[in-house]
Amino acid sequence: MTVHSGRWSLEDRLEQGLRELPFEVPPGTASVTVGLSFDGGVIDLGCHGPDGFRGWSGGARREFTIGAGWATPGYLPGELEPGVWHVWLGLHRIPPDGVPYEVTVTTSGAAPDRPDEPPPPRPERPPRRELPAPPGMRWLAGDLHAHTVHSDGTLTVTELACLAASRGLDFLAVTDHNTVSHHPELPAAGAHAGVLLLPGQEVTTDLGHANVFGDTGWIDFRGPSADWAATSAARGGLMSINHPLSGDCAWRRPLPAGHRPRLAEIWHSSWWDRRWGAPLAWADLWRPGGVVPLGGSDFHDPAQEKSLGEPVTWVLTEGEDVLGGLAAGRTSVSAGLDAPVLLRAGDELTAMGADGTVLVRPDGRRAAVRGDRVRMPADGAGMHRLETHENEVIALCG
């Protein structure tokens, strides 16, 4: 057994927020269990082996086990390579009087037991909403921000997939914090529930969060934000800035203008009063050439005041190529599946179920919408939106 103990100070946190504590894994080891105890504050937990990243659970767990065939959610199962490993401690919240801590590491020649988790029954799906689309294309409804037990959510991947299908979603991005341990489970869970699950990672730091969509492998949250964007692009993925104005999770990380992604989660569940125009103003400043608006519920737990698919992001796709539609900027965001929606296809806008609302063009010009299905010319690049007469945003489109 290896034990590290001491007291982290506020000065320690300010000097270096992520600490690495070494331990030795001898040949023939079948499992490693790490336990963390501390009093006060918030300390995040993760792990790195000689061959690279092995897992992250942030502040959601104080113990994890890694074996060849199974690992605690958030961590990567696989052979335990002999050598020096490191426990990662993220000094997330350290009060002025410090935080006493202890880390224990136990190695074993016995493999951990795999929990028996029978999947929930396949859910019934409500009827799909059919929206007008160009020939050979269709609008798919999804949520681009959700979490499971692989980070700080409460549902398994399969349980989350079933919830998404029962809510009527066509796709869901599973974006657990700083880990990709959920990715291998997505195909089977999506097939069981009848919903397309997109691999994702919410790259999470004290100064801002970003979603990376696609089968990119792990994105190292310890590096500069420009590296996140470059790595995701090089591996065929897409990066989006998350909830840029959401409390202490707001985006405050430096990112040169030439590296700023077009995708941004303008409509997040924290935008509880949509008369508040700050997210729109942020988008105008972030990329004057136009932001592709996304929506995300940031779903964690059915007991929270967040519902999966609220808001819903519609993506105009060829087949099920959601990433292709996102890359092309063919998105629309609405409050829910049956809410008013503003669609763009080429140079034409269509407002559905939006009689009596106001169309706001990128240059600020406004026009009343009269009718339940109204077609209008689009006004070049930039974000269009629908508002009520009281300036509450009810739909966005790229």
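To keep things clear, this report deals only with the structure shown in the data block. Quantities reported herein were computed from a predicted structural model and do not represent experimental measurements. (Residues numbered from 1 in each chain as written. Predicted model: local features only at pLDDT ≥ 70, side-chain atom pairs only at ≥ 80, totals over all residues. Heavy atoms only, no water.)

Considerations on a negative patch on the surface
Where like charges cluster on the molecular surface, the negative patch consists of Asp 116, Glu 117, Glu 159 and Glu 185. Considering the arrangement of structural elements, one finds Glu 159 in helix H2 (residues 157-166). On the accessibility criterion, Glu 159 (34% relative accessible area) is partly exposed. (Patch = residues over 30% accessible without salt bridge, like charges linked within 9 Å, V, L, I, M, F, W, Y side chains within 5 Å. Areas by Shrake-Rupley, 256 points an atom, 1.4 Å probe, with all protein chains shown as cover. Salt bridge = Lys/Arg side-chain N within 4 Å of Asp/Glu carboxyl O. Lys, Arg positive; Asp, Glu negative; His and termini not counted. Charge placed at Lys NZ, Arg CZ, Asp CG, Glu CD. Helix = DSSP H or I, 4+ residues; strand = E, 2+ residues; numbered from the N terminus. Buried < 20%, exposed > 50% of the residue type's maximum accessible area, 1.4 Å probe, protein only.)

Things to note about the pattern of salt bridges
Within this structure, the stated rule accounts for 17 salt bridges. Of the charged contacts, one joins Asp 248 and Arg 93 as a salt bridge, the two residues approaching to 3.0 Å between their closest N and O atoms. Within this pair, whereas Asp 248 is found in the loop between strand S13 (238-241) and strand S14 (263-268), its partner Arg 93 is found in strand S7 (residues 83-93), the two being separated by 155 residues in sequence. For Asp 248, a relative accessible area of 47% gives the class partly exposed. In this structure, Glu 392 engages Arg 274 in a salt bridge whose closest nitrogen and oxygen atoms are separated by 3.3 Å. With a gap of 118 residues between them, Glu 392 in the loop between strand S23 (384-387) and strand S24 (393-397) and Arg 274 in the loop between S14 and helix H5 (278-286) connect regions that are remote in the sequence.

Comments concerning the packing of H2 against helix H3 (residues 186-193)
Helix-helix packing is described using two parameters, namely the angle between the two axes and the distance between the axes. Between H2 and H3, whose axes approach to 8 Å, the crossing angle comes to 35°. H2 and H3 meet at a crossing whose hand is right-handed. Contacts between H2 and H3 involve Val 157, Thr 158, Ala 161, Cys 162 and Ala 165 from the former and Leu 186, Ala 189, His 192 and Ala 193 from the latter. Among the residues making up the contact of H2 with H3, the classes are represented as seven nonpolar, two polar and no charged. (Axes fitted to C-alpha atoms, helices over the stretch in contact; angles between N-to-C directions. Left-handed = near helix turned anticlockwise from the far one by under 90°. Contact = heavy atoms within 4.5 Å. Nonpolar A, V, L, I, M, F, W, Y, C, P; charged D, E, K, R; others polar.)

Here's the deal with the packing of aromatic side chains
Summed over all chains, the structure comprises 14 aromatic pairs. The interplanar angle of 15° and the centroid separation of 4.9 Å between the aromatic rings of Trp 282 and Trp 286 together place this pair among those described as stacked. Here Trp 282 and its partner Trp 286 are both found in helix H5, four residues apart, which amounts to about one turn of the helix. Through pairs of rings, three or more aromatic residues link up here, namely Phe 53, Trp 56, Trp 88, Trp 218 and Phe 221. Geometry around Phe 38 places Arg 62 over its ring, the cationic atom sitting 3.8 Å from the centre. A cation over a ring is seen here: Arg 260 above Trp 286, with NZ or CZ 4.7 Å from the ring centre. (Phe/Tyr/Trp six-rings, centres within 6.5 Å; stacked < 30°, edge-to-face > 60°. Lys NZ or Arg CZ within 6 Å of the ring centre and 35° of its normal.)

Examining the environment of Arg 330
Among the structural elements, Arg 330 can be located in the loop between helix H6 (322-327) and strand S17 (331-334). Residue classification places Arg 330 among the partly exposed positions, given a relative accessible area of 22%. Along the primary structure Arg 330 and Cys 397 are separated by 67 residues, whereas in three dimensions their C-alpha atoms are 7.9 Å apart. Arg 330 has contacts with Met 137, Trp 139, Trp 314, Val 315, Leu 316, Thr 317, Glu 318, Gly 324 and Gly 325, leaving out every residue within four places of it along the chain. Here Leu 316 takes part through its backbone oxygen, which lies 2.8 Å from a polar atom of the side chain of Arg 330. (Polar contact = N/O pair within 3.5 Å; in protein donor to acceptor, adjacent residues only side chain to side chain.)

Things to note about the sheet that holds strand S22 (residues 373-377)
One open sheet accounts for three strands, arranged S18-S19-S22; its pairing is antiparallel. Edge positions in the sheet fall to strand S18 (341-345) and S22, since each has one partner strand and no second. Geometrically, the sheet is characterised by an average inter-axis angle of 20° between neighbouring strands, direction not taken into account. In this sheet, S22 lies alongside strand S19 (residues 348-352) in antiparallel orientation, the contact comprising five bridges. Looking across to S22, one finds that Thr 350 is bridged to Arg 375. (Pairing = 2+ DSSP bridges.)

Some remarks on the nonpolar core
Judged by nonpolar contacts, the single largest core of 31 residues is most densely connected at Met 239, Ile 266 and Leu 396. For this core, the elements supplying multiple residues, two or more each, are strand S5 (52-58), strand S12 (208-213), helix H4 (225-234), S13, S14, H5 and S24. Among the elements that make up this core, the one with the highest residue count is H5 (four residues). When sequence neighbours within four positions are dropped, the list of residues in contact with Ile 266 reads Trp 271, Pro 279, Leu 280, Trp 282, Ala 283, Val 291, Pro 293, Leu 294 and Leu 396. Counting 27 residues, the second-largest nonpolar core is a separate cluster that includes Val 157, Leu 169, Leu 197 and Val 341. (Core = buried A, V, L, I, M, F, W, Y, C linked by side-chain atoms within 4.5 Å.)

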